[in-house]
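Structural overview for review
The primary structure of each chain is shown beneath.
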Amino acid sequence: MIKRKSKKRTKDAQKHVGQVPGTLIYTGKKSDKDFQVECFDYTKAKIEESVLLNIEDAINYKDTDSVTWINVDGLKHTGQIENIGKQYDLHPLVLEDIVNTTQRPKIDEYDDYMFVVLKMLYYDKNESIVIEQVSFILGKNYVITFQESEGDVFESIRERLRLANGRIRGLKSDYLMYALIDAVVDNYFNIIEVLGNKIEDLETELFEGHARDNVNIEVQQLKREILKVRRAIFPLREIINRIEKGEHPLIYKRTITYYRDIYDHLIQVSENIDIYREMIWSLMDMYMTTISNKMNEVMKVLTIMSSIFIPLTFLAGIYGMNFEHIPELKYENGYFILLGVMLIIFVALLAYFKRKKWL
């Protein structure tokens, strides 16, 4: 499995070798997903929700008085994404990063828009962590998000837009991007909570001495999961810090406080990740200690059995020799006397071990 994944990563990296900068090459796995463009155009008083069947219609929302959220699903369709890039004057390198799903979380600032890449985390039906790249284009009155496939953590944002809950409908596009990023960060807490529960369950299992045979595999899997989460989350702190301390004209001062709140949440998530990372290392040490204790128990039993049978074997060896003149062999009840002595030694050794609390 490890070799297969390594070959897959190498193959993805080789796709860009020798290509012209700005060439759109999709590197993800969800290549069978349909292309879909979801659009929310709103003001404080009204909202229009639609699905754009013709990608050329997206240009109609570029220079309006309303705020528009365009959500694009399906990064495999590089031609359609290139069309959106032409309509909104996006740099070719930005488009290349959008379809490159191995891109590290980052932020690029341009004169009339801002480009942000981050990782969206959630659990699938098999309780495996899914890491999906989400790209944001923040313009003067619009936010464009690019996802690999349908399904995300933005449903609460859609409901807030539809019902005009909170202040989202009354503020600009910079607040919309804050709300979307905040939804992603809030879901990080769900991931951390599930990881924490798994770690605590394994810790209890190991502490009580009821560890299963494959618990070491589960510990290794947890370690890989926490490292994946760490790589996805930690760079986002730098992104939010740049937004908070930057002076880009698209980020209004009244919104800076909200981005600062995201940064505080990321600090909390990062601290939890570090704690759980240390706990996982402790789990591995605890597992090795448990294995060692079990081995010591086995060795103790074998040692006690050997200690009991050594004197008995000694007596049996003496009277089992084939010398002609062994005085005790002439005793009429010599056999029973020897068995009695062996029984007394056996009982005495058991009592001694019991007194020493070795049994």
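Residues numbered from 1 in each chain as written. Predicted model: local features only at pLDDT ≥ 70, side-chain atom pairs only at ≥ 80, totals over all residues. Heavy atoms only, no water.

Time to look at the overall build of the protein chain. Helix and strand content of the protein chain: eight helices and seven strands. Along the first, second and third principal axes, the C-alpha atoms of the protein chain reach 120 × 45 × 35 Å. Expressed as a percentage of the 359 residues in the protein chain, the buried residues total 40%. Here the analysis covers contacts within the protein chain between residues at least 6 apart in sequence; of these, 68% occur between residues at least 24 apart. Only carbon and sulfur atoms are counted for the fraction: they give 54% of the accessible area of the protein chain, which is about 20,700 Å². Charged side chains in the protein chain number 48 positive and 53 negative. The centres of these two groups are separated by 4 Å. (Helix = DSSP H or I, 4+ residues; strand = E, 2+ residues; numbered from the N terminus. Buried < 20%, exposed > 50% of the residue type's maximum accessible area, 1.4 Å probe, protein only. Contact = heavy atoms within 4.5 Å. Areas by Shrake-Rupley, 256 points an atom, 1.4 Å probe, with all protein chains shown as cover. Lys, Arg positive; Asp, Glu negative; His and termini not counted. Charge placed at Lys NZ, Arg CZ, Asp CG, Glu CD.)

Let's shift gears to a nonpolar patch on the surface. Taken together, the side chains of M295, V298, M299, V301, L302, M305 and F309 make up a nonpolar region of the molecular surface, amounting to roughly 660 Å² of accessible area. Mapping V301 onto the fold places it in helix α7 (residues 253–318). The exposure class of V301 is partly exposed, given its relative accessible area of 43%. (Patch = residues over 30% accessible without salt bridge, like charges linked within 9 Å, V, L, I, M, F, W, Y side chains within 5 Å. Salt bridge = Lys/Arg side-chain N within 4 Å of Asp/Glu carboxyl O.)

What follows concerns the pattern of salt bridges. Pairs may arise between side chains of opposite charge once their charged atoms sit close together. Counted according to the given criterion, the structure contains 14 salt bridges. For K198, the salt bridge goes to E225, with nearest N and O atoms at 3.9 Å. Placement of K198 in helix α5 (residues 173–207) and of E225 in helix α6 (residues 215–245) is noted, with a sequence separation of 27 residues between them. Residues joined in a network through salt bridges with shared partners are E38, E49, D152, E155, R158, E159 and R162.

The next thing to look at is the pairing of strand β2 (residues 47–51). One face of the sheet, then the other: side chains in a regular strand alternate in exactly this way. Two elements, strand β1 (residues 36–42) and β2, share five bridges in a ladder whose sense is antiparallel. If you follow C39 over to β2, its bridge partner there is S50. Connecting β1 to the antiparallel partner β2 that follows it, the hairpin turn spans four residues. (Pairing = 2+ DSSP bridges.)

Now for the packing of aromatic side chains. For the structure shown, the criterion picks out ten aromatic pairs. Ring geometry for F40 against W69: centres 5.5 Å apart, planes inclined by 20 degrees, an arrangement best described as stacked. Taken as a pair, F40 in strand β1 and W69 in strand β3 (residues 67–73) lie far apart in primary sequence, 29 residues in all. On the accessibility criterion, F40 (0% relative accessible area) is buried. (Phe/Tyr/Trp six-rings, centres within 6.5 Å; stacked < 30°, edge-to-face > 60°.)

Bringing the sheet that holds β2 into the picture now. Strands sit in the order β2-β1-β3-β7-β6-β5-β4 across an open sheet of seven strands; the sheet is mixed. Only two strands of the sheet have a single partner each, and these edge strands are β2 and β4 (106–109). Each strand of the sheet is rotated relative to its neighbour by a mean of 15 degrees, with strand direction disregarded. Pairing analysis gives seven bridges linking β1 to β3, with the strands arranged antiparallel. If you follow F40 over to β3, its bridge partner there is W69. (Axes fitted to C-alpha atoms, helices over the stretch in contact; angles between N-to-C directions.)

Relative to the helices and strands, S66 is located in the loop between β2 and β3. Residue contacts for S66: discarding those within four places in its chain leaves D41, Y42, T43 and N141. A polar contact of 2.6 Å, which involves the side chain of S66, links it to the side chain of D41. There is a polar contact of 3.3 Å between the side chain of S66 and the side chain of T64. (Polar contact = N/O pair within 3.5 Å; in protein donor to acceptor, adjacent residues only side chain to side chain.)

Moving on: the confidence of the model for the protein chain. The predicted coordinates ought not to be read in detail in places where the model reports low pLDDT. Mean pLDDT for the protein chain: 85, with 92% of residues reaching 70 or above. Per-element mean pLDDT across the protein chain ranges from 48 in helix α1 (residues 2–14) up to 94 in strand β7 (residues 142–147). Within the model, the stretch residues 1–7 combines pLDDT values under 50 with zero contacts to residues more than four positions away or in other chains. (pLDDT = per-residue confidence, 0-100.)

Turning to a positive patch on the surface, a few remarks are in order. The grouping of K29, R224, K228 and R231 at the surface amounts to a positive patch. Topologically, R231 is positioned in helix α6.

Take the nonpolar core next. Formed by 62 residues in total, the largest nonpolar core has its most connected members in F136 and M177. Looking at which element gives the most residues to this core, the answer is α5, with 17 residues. With residues near it in sequence (within four places) discarded, M177 still touches M114, V116, F136, L138, V143, I243 and Y259. (Core = buried A, V, L, I, M, F, W, Y, C linked by side-chain atoms within 4.5 Å.)

Looking at the secondary structure, you find D174 in helix α5. For D174, a relative accessible area of 1% puts it in the buried group. It is 26 Å that separates the C-alpha atoms of D174 and T102, two residues lying 72 residues apart in sequence. With residues near it in sequence (within four places) discarded, D174 still touches L138, L250, I251, Y252, T255 and Y259. Within polar-contact distance, the side chain of D174 engages the backbone nitrogen of Y252 at 3.0 Å.

Right, let's talk about helix α2 (residues 78–87) for a bit. For an α-helix the count is 3.6 residues per turn, leaving residues at separations of three or four pointing the same way. Turning to α2, its buried residues are I81, I84, G85 and Q87. All buried residues of α2 lie within an arc of 165 degrees about the axis, which places them on one face of the element. Taken together, the buried residues of α2 touch β3, α3 (92–99) and β7. Directly after α2, the chain includes D89, whose backbone phi takes a positive value near 55 degrees. (Arc of directions from axis to C-beta.)

Our focus in this paragraph is the packing of α6 against α7. Following both chains from N to C, one finds α6 and α7 inclined at 160 degrees, their axes separated by 9 Å at the closest point. Taken together, the axes of α6 and α7 lie roughly antiparallel to each other. For the crossing formed where α6 meets α7, the hand is left-handed. For the contact of α6 with α7, a count of residues per class yields 25 nonpolar, four polar and seven charged. (Parallel < 35°, antiparallel > 145°, perpendicular 65-115°, else oblique. Left-handed = near helix turned anticlockwise from the far one by under 90°. Nonpolar A, V, L, I, M, F, W, Y, C, P; charged D, E, K, R; others polar.)

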